[in-house]
Amino acid sequence: MTTTTPTAFDVGGVLLPRPFKIRRFGHFGFNVDHLDEAIAFYTDLLGFRVTDEVNLYELVPREARAVVEQLVTDPRMIFTSNSSDHHALLLAHRTFGALNGNDRQANDITISQITWQVGSLREVVEAEAYLRARGVEFGRVGRDMPGGNWHIYFRDPDDNMVELYYGMEQVGWSRKSRPHSMHYRGFDTVPPLPQMSEAAELLDALDRGIDIHSGWSPHETHLKKTHDVGGVLLPRPFKVTRLGPISMFTERMGQMLGFYTELLGFDIVEEAEYLGKRIVYLRSGTEHHTFVLADKALRREIGLSEHTSCLSMGMEVGSYSQLRAAVQHLADNGYTLIDNIPPQLYLGIDYAAHLRDPAGHAICLYYYMEQVGWDGKPRPRSERRTVTEPWPETLTPLSDTYVDQTYMGPLG
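(A) Quick look at the packing of aromatic side chains. Scanning the entire structure with this criterion turns up 24 aromatic pairs. Judged by centre distance (4.8 Å) and plane angle (80 degrees), the rings of phenylalanine 41 and tyrosine 42 are edge-to-face. Neither residue differs from the other here; phenylalanine 41 and tyrosine 42 are each classed as buried. Taken together, a centroid distance of 5.1 Å and an interplanar angle of 45 degrees make the contact between tryptophan 150 and phenylalanine 187 tilted. Linking tryptophan 150 in strand β9 (residues 150-155) with phenylalanine 187 in the loop between β10 (161-166) and α6 (198-207), this pair joins segments that are 37 residues apart in sequence. Taking the relative accessible area as the measure of exposure, tryptophan 150 reaches 4% and is therefore buried. Note on phenylalanine 187: relative accessible area 21%, which makes it partly exposed. Between arginine 132 and the ring centre of phenylalanine 138, over which it is positioned, the NZ or CZ distance is 4.3 Å. Over the face of the ring belonging to tyrosine 184 we find arginine 208, whose NZ or CZ atom lies 4.0 Å from the ring centre.

(B) Quick peek at unusual backbone geometry. Going from glycine 244 to proline 245, the amide bond is cis rather than trans, its omega being 5 degrees. Going from glutamate 389 to proline 390, the amide bond is cis rather than trans, its omega being -5 degrees. Tracing the backbone through its elements, the reader meets proline 390 in the segment after β19 (362-366). Although it is not a glycine, arginine 175 adopts a positive phi angle of roughly 65 degrees. Along the chain, the position of arginine 175 falls in the loop between β10 and α6.

(C) Region of interest: the sheet that holds strand β13 (residues 240-250). Taken in spatial order, the 7 strands make up an open sheet running β14-β15-β16-β13-β17-β19-β18, and their pairing is mixed. Strands at the two margins of the open sheet, each flanked by one partner only, are β14 (267-274) and β18 (352-356). The sheet shows a mean angle of 20 degrees between the axes of neighbouring strands, direction not considered. Strands in contact with helix α1 (residues 35-45) are β17 (310-317), β18 and β19; relative to β18, the strand with the most contacts, it is inclined by about 150 degrees.

(D) Spatial organisation of the sheet that holds strand β3 (residues 24-32). Strand order in the open sheet made by the 8 strands is β4-β5-β6-β3-β7-β10-β9-β8, with mixed pairing throughout. Each edge of the sheet is formed by a strand with only one pairing partner; in this case those strands are β4 (49-55) and β8 (138-143). Sheet twist, expressed as the mean angle between neighbouring strand axes with direction ignored, is 20 degrees. As judged from the 6 bridges shared by β9 and β10, these two strands associate in the antiparallel manner. Across the sheet, the residue bridging to isoleucine 152 is leucine 164, located in β10. α1 contacts β3, β4, β5 (76-81) and β6 (89-93) of the sheet and is inclined by roughly 160 degrees relative to β6.

(E) Summary view of the pattern of salt bridges. Tallying each qualifying case throughout the model produces 31 salt bridges. Across the pair arginine 155 and glutamate 137 runs a salt bridge whose closest N-O atoms are separated by 4.0 Å. Within this pair, whereas arginine 155 is found in strand β9, its partner glutamate 137 is found in the loop between α5 (121-133) and β8, the two being separated by 18 residues in sequence. Looking at arginine 155, the relative accessible area reads 10%, which means it is buried. A residue is classified by how much of its surface remains accessible, and glutamate 137, at 38% relative accessible area, is partly exposed.

(F) Structural detail: the environment of proline 191. Considering the arrangement of structural elements, one finds proline 191 in the loop between β10 and α6. Spatially, the C-alpha atom of proline 191 lies 22 Å from that of arginine 208, the residues being 17 residues apart in sequence. Other than its neighbours up to four places away in sequence, proline 191 contacts Leu121, Val125 and Trp150.

(G) Representation of the side chain of threonine 115 within the structure. Along the chain, the position of threonine 115 falls in strand β7 (residues 111-117). At 3.3 Å, the side chain of threonine 115 forms a polar contact with the side chain of glutamine 113.

(H) Main features of the nonpolar core. In terms of nonpolar packing, the biggest core is built from 66 residues, with Phe30, Trp116 and Met315 touching the most fellow members. Counting 21 residues, the second largest nonpolar core, distinct from the first, contains Ile279, Leu345, Leu347 and Ala352.

(I) Just the side chain of arginine 299, in detail. Secondary-structure assignment places arginine 299 in helix α8 (residues 298-301). On the basis of relative accessibility, which here comes to 8%, the residue arginine 299 falls in the buried class. A distance of 2.9 Å separates a polar side-chain atom of arginine 299 from the backbone oxygen of threonine 308. Residue contacts for arginine 299: discarding those within four places in its chain leaves Asp108, Phe249, Leu304, Ser305, Glu306, Thr308 and Ser309.

Here is what the cut-offs are and how they apply
- Note on numbering: residues in each chain are counted from 1, in written sequence order.
- With the structure being a predicted model, the display of local features is reserved for residues of pLDDT at least 70 and the display and counting of side-chain atom pairs for 80 or more, all residues being used for whole-chain, interface and lining totals.
- Processing note: side-chain calculations cover all non-hydrogen atoms of the structure and skip hydrogens and water entirely.
- The rule is short: rings of Phe, Tyr and Trp, with Trp giving its six-membered ring, pair when the centres are within 6.5 Å, and they are stacked under 30 degrees, edge-to-face over 60, tilted in between.
- Remark: exposure states derive from per-residue accessible area (1.4 Å probe, protein chains only) relative to the maximum for the residue type, with buried under 20%, exposed over 50%, and partly exposed in between.
- Helix and strand assignments follow DSSP, with helices taken as H or I runs no shorter than four residues and strands as E runs no shorter than two, numbered in order from the N terminus.
- In this scheme, the term charge over a ring applies when either NZ of a lysine or CZ of an arginine sits within 6 Å of the ring centre and within 35 degrees of the ring normal.
- Note on pairing: DSSP must find at least two bridges between two strands before they are called paired.
- As a rule, the C-alpha atoms of each element are fitted with a line to give its axis, helices using only the stretch in contact, and angles between N-to-C directions run from 0 to 180 degrees.
- Contacts are assigned to residue pairs with any non-hydrogen atoms lying within 4.5 Å of each other.
- The term salt bridge refers to a pairing of a side-chain nitrogen on Lys or Arg with a carboxyl oxygen on Asp or Glu at a separation within 4 Å.
- Polar contacts, as counted here, are pairs of nitrogen or oxygen atoms within 3.5 Å of one another; within protein the pair requires one atom able to donate a hydrogen and one able to accept it, and residues that are adjacent in sequence qualify only if both atoms are side-chain atoms.
- Buried Ala, Val, Leu, Ile, Met, Phe, Trp, Tyr and Cys residues that are joined via side-chain atoms within 4.5 Å together make up what is termed a nonpolar core.

Okay, structure coming up:
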């Protein structure tokens, strides 16, 4: 006898167990003690570009500014991107995160938000009602500026701030972001439906006499573009083409799994153990995993920083040769790779390089993510590639090599 999950919500003409479907890992933020060091690491070394900046002191009401200035050491929030999305990584000072309550219950929460993209604005609005009815604690609701993404913010059982969003602003060939004078279309409440399109917003701004070409543009003239990356000259011999997976430590494995599977719709792909501690892999699409939960007791055992509950942040590069070149580039620039991350913590990825950012967060660079087919089953472990040392110059392809990504824009 088989059982099926009740389907009750019409999502674009398909009946699903919840009124939204997570499509991909969107963006995230780190709260750090030394903001300028983090900016240099993620832009100059890893290739993200600054797309916008806001000053908290200028955003708060005048009567509250003095209080905020006492609490927040550095008021800047830096928006950076590796693609045409307005932002993929947000950087802010730890005191900014404290003001927003990121560490209100645990001082090792240094990720300001874990963000997942859904397919429509209607999904965002209906997800708000669905999750609120199930007792989820909410933060902000509305539409962010800069970025233009419609969103809901809420907390998971570990008190991480989670965001579901739709409609990220795209930054085109001119590299200019939406000007701040167009931020009047921001919302801090659940928006009524339907809303005008982005194309209509553009015409509205022109009617108001706004110079739509006056937005932020990056300044990267100090970087020499000397590395041949697939026939394009870039400042470094690799390109980060995709964010994720995100891996987190938790002390509430059961609660976290229930939250992300039952409420948000993730599927458990497989489980592993290391030193007797549990590791669970979850996916939202065809990737082997986009989210990993690991027993927090492992953090000290493998020597990762105890100041953060983030196990690692994945960043996919465009090819295996780029990954090998990245390892050499990091060594040439004085970075020592973390060599004690066990493979049980990144199943579905074969060759990977781990390094620490200036704040101690672990970054996982990789080139390949195993794909899961229509039957939802991962590749048997006996059929996965064996990682050898030293890394070979070339690899034989797997059935899903280079099928997990299509980087839409030019590399630089």
